[in-house]
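Coordinate inspection notes
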Amino acid sequence: MTLRATRRNVLSTVLLLSGALGIAGLAALTVGGVHLSPSEVWLGLRDAGMPRVEAAIIVRDIRLPRIMLAMLVGAALATSGTALQALLRNPLADPYVLGISSGAALGAIVALWMGGRVAAASPAMAFAGALLTTAWVYLLGRRGGRLASYTLLLAGVITASFLSAVILFVLSRLSTRDVRGTAFWLMGDLSVVTGVQLRLLLPSIALALAGLYWLSKDLNVLLLGEEEAAHLGVNVERLQTVVYVLASMLTGLAVSVSGAIGYLGLLVPHLGRMVVGSDHRMLLPTAALGGAIVLVLSDTLARTVVAPAELPVGAVTAVAGAPVFIYLLRRARG
Amino acid sequence: MGYRIKVTYCGRLLLRLALLLIVGIRPLVGRTVTDETGRTVNVPDHPQRLISLAPSVTEIVYALGCGDRLVGDTEYCDYPPEAKRKPHVGAVLNPSLEQIVALKPDLVLGIAEANRRETAEQLDRLGIPLYGLTAHTMDDMLRSVHDLGGLLGREAEARALIERLQARTQAVAERVKSRPRPKVLFVVWYQPLVTAGPHTFISDVIRRAGGQSVTDDVREEWPRLSLEEALHRDPDIILFPRSESFAPSLEEFPKLPGWRDFRAAKNNRLYFIPDTIVRPCPRLVDALEEVARVLHPEPAATRPATGAQR
């Protein structure tokens, strides 16, 4: 099915998905390790008094920030995946598969290793790591001036495993105290939220999303091929540079706060394409909102399955994501 | 009339003074202290609702007679047995913040060697006071008993407990004094081989029990040692913590490749130690006495002939 990307269609899709996201968010607010009835949740949400009652602390200070973080990270990863798939003209591209998440993770860990407990140090280093890895994989994947699809994927896979090895090396040199926290974060973890992170993430992710949406027509043209796009008046090199910086920024930001959460950047764009088609004016907002919904739901599972303990959300997305991906692959072939 | 007005005036003044006093004192309800990890914490004067984030901390709280004030602990808190029946807030590494809030603690107790720094940051954000302990040595553990005693208004109990523990430690010291120090390998985990570095309470216990850890020159806290390096260091005695997850029995160990080549294995000097040796709590002294018996079994009168934990 393909929806024509009229303004009306885009708007109604965004409205519909925003509604679904709102419902997912509300549902996530009502479940957790501690049982709260919907009316308690509602009271907790509205209670702004000091000192706060227990339900207000749980709903407003623990669940709400975490759900907002899940939304931002989910949107960032899914959008980044969509952009990379367009940029590399490869539906299997994704920040995780291409090693970009690992590059970002390595950047963040190196920031920790160098003793930086500065709030902005790890997002900045994660961004740098993502940027370098994307450039590296892109250069490796180019043969004779053309992007070779399989070479590119293999380059990404090899880079990812090489970077994982470096991460393990750095981990083994970290103090026991840092290793414990870092190991949890590496598995994909949304449990640590600070106001600083949300204030940093929200505008950056909004900016990157807007930038990519603005470029969506050019991305559509790029799907035809680099030469064809150039003939049609698109400045291909500039487009590629901008998209690659924005996608790396989204991945870096997401990874610096939540570790490596796999499959989201791969699957959500696929699902989006099945529903709205591959016009990026439709696909980008769909993927962003869809990614937010999927991660909110995954993290709700992670919070509740083994309550009062918690699972790393990366484990949930991987366990759920791999089978769905195999299904999609087989369906696409048949 | 004038008199009456004066009284009212005085009354108002008094009232105002009282109000000022109350308002002025309010921030002083509770105290600001520096915990063992160097963080500044605002703790209540008489904490009544405690949550412990580690088994060793739970044991200290019970040893001070404050078990009834504990409203929550972790899934791993299994001693004393009553601790198992307390509401749990999850595991040591990822306790549930929601569960902690729901139990309405006025003080949370954690330990830097087991809990995550991120947990402390999240509790700070929620305004829940967390007092952090540390334990690199046996003296650190005694200091934790002292500090918690002060925090919970149990100074006398803490002092008495510390004196008892010190007396037992002293007795061990007397017994092992001027004896040759056997070389000891402590096996935290065997696959891969993880041992205890010099700046851990485990190495401290071995030292006080009259032994010398073969990893005393390593910088890391929990170094991974290659088997060949361990063989090269040629320990006289190998110690294992007794725990459910430690599967092979002491009969099987000497048959494992590599392990059978240890001189200690050939001499039958492999021992299980009560796993309180991995808990910086008062029962650490039990482990100390056991290790001392294993390292220096000579005064046979104090030891049954069937031998240590083979």
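The structure reproduced in this document is the subject of the present report. Here the structure is a predicted model, which is why all the values come from computation and not from measurement.

Observations concerning the overall build of chain B
Along its length, chain B carries 10 helices and 11 strands. For chain B, with 310 residues in total, the buried portion stands at 50%. At a minimum sequence separation of 6, the contacts of chain B that also span at least 24 residues come to 62%. About 15300 Å² of surface is accessible on chain B, with carbon and sulfur atoms providing 55% of the total.

Comments concerning the interface of chain B and chain A
Put simply, an interface is often sized by how much accessible area is lost when its parts join up. At the junction of the two partners, chain B supplies 28 residues and chain A supplies 27 residues. Taken together, the two surfaces of chain B and chain A that pack against each other cover about 2500 Å², and 50% of this comes from carbon and sulfur. Its largest share of buried area at the contact with chain A, chain B owes to Glu98(B), Arg116(B) and Arg117(B), together 28% of the area lost on that side. Counting every contact that joins chain B to chain A gives 4 salt bridges. Looking at the side of chain B that touches chain A, the elements that each hand over two or more residues are helix H3 (97–102) and helix H4 (117–126) of chain B. Residue contributions to the side of chain B that touches chain A peak at 6 residues, all from H4(B). Among the residues forming the side of chain B that touches chain A, the class breakdown is 9 nonpolar, 7 polar and 12 charged.

Here's the deal with unusual backbone geometry
Of the consecutive residues Tyr79(B) and Pro80(B), the connecting peptide bond is found in the cis state with omega at -10°. Checked against the element boundaries, Pro80(B) lands in the loop between strand S4 (70–72) and H3. In this structure, Tyr263(A) is a non-glycine residue whose phi angle is positive, near 75°. Tracing the sequence through the fold places Tyr263(A) in the loop between helix H11 (236–258) and helix H12 (264–276). By relative accessible area, which is 26% here, Tyr263(A) ends up partly exposed.

With respect to empty space enclosed by the protein
Counted by the stated rule, this structure contains 3 cavities of 30 Å³ or more. One number sums up the size of the largest cavity: a volume of about 250 Å³. As for the largest cavity, its lining consists of 21 residues, and the residues nearest its centre are Arg66(A), Ser191(A), Glu310(A), Pro95(B) and Leu97(B). Among the elements that make up the lining of the largest cavity, the one with the highest residue count is H4(B) (4 residues). Classifying every residue of the lining of the largest cavity gives 6 nonpolar, 7 polar and 8 charged.

Brief notes about helix H8 (residues 195–214) of chain A
Residue and element names in this part refer to chain A. Spanning 20 residues, H8 covers 29 Å between terminal C-alpha atoms, matching the ideal 28 Å at 1.5 Å per step. All buried positions along H8 are accounted for by Gln197, Leu198, Leu201, Ser204, Ile205, Ala208, Gly211 and Leu212. Check the buried side of H8 and you find it contacts helix H3 (54–87), helix H9 (216–222), H11 and helix H13 (280–304).

Calculation criteria
- Residues numbered from 1 in each chain as written.
- Chains lettered and ligands numbered in written order.
- Predicted model: local features only at pLDDT ≥ 70, side-chain atom pairs only at ≥ 80, totals over all residues.
- Heavy atoms only, no water.
- Helix = DSSP H or I, 4+ residues; strand = E, 2+ residues; numbered from the N terminus.
- Buried < 20%, exposed > 50% of the residue type's maximum accessible area, 1.4 Å probe, protein only.
- Contact = heavy atoms within 4.5 Å.
- Areas by Shrake-Rupley, 256 points an atom, 1.4 Å probe, with all protein chains shown as cover.
- Buried area = accessible area lost by both parts, 1.4 Å probe.
- Salt bridge = Lys/Arg side-chain N within 4 Å of Asp/Glu carboxyl O.
- Nonpolar A, V, L, I, M, F, W, Y, C, P; charged D, E, K, R; others polar.
- 1 Å grid on protein atoms, 1.4 Å probe; cavity = no way out; pocket = protein on both sides within 12 Å on 5 of 7 lines; lining within 4 Å.
- Points joined across faces, edges and corners; volume = space filled by probe spheres on them.
- Expected span 1.5 Å × (residues − 1).

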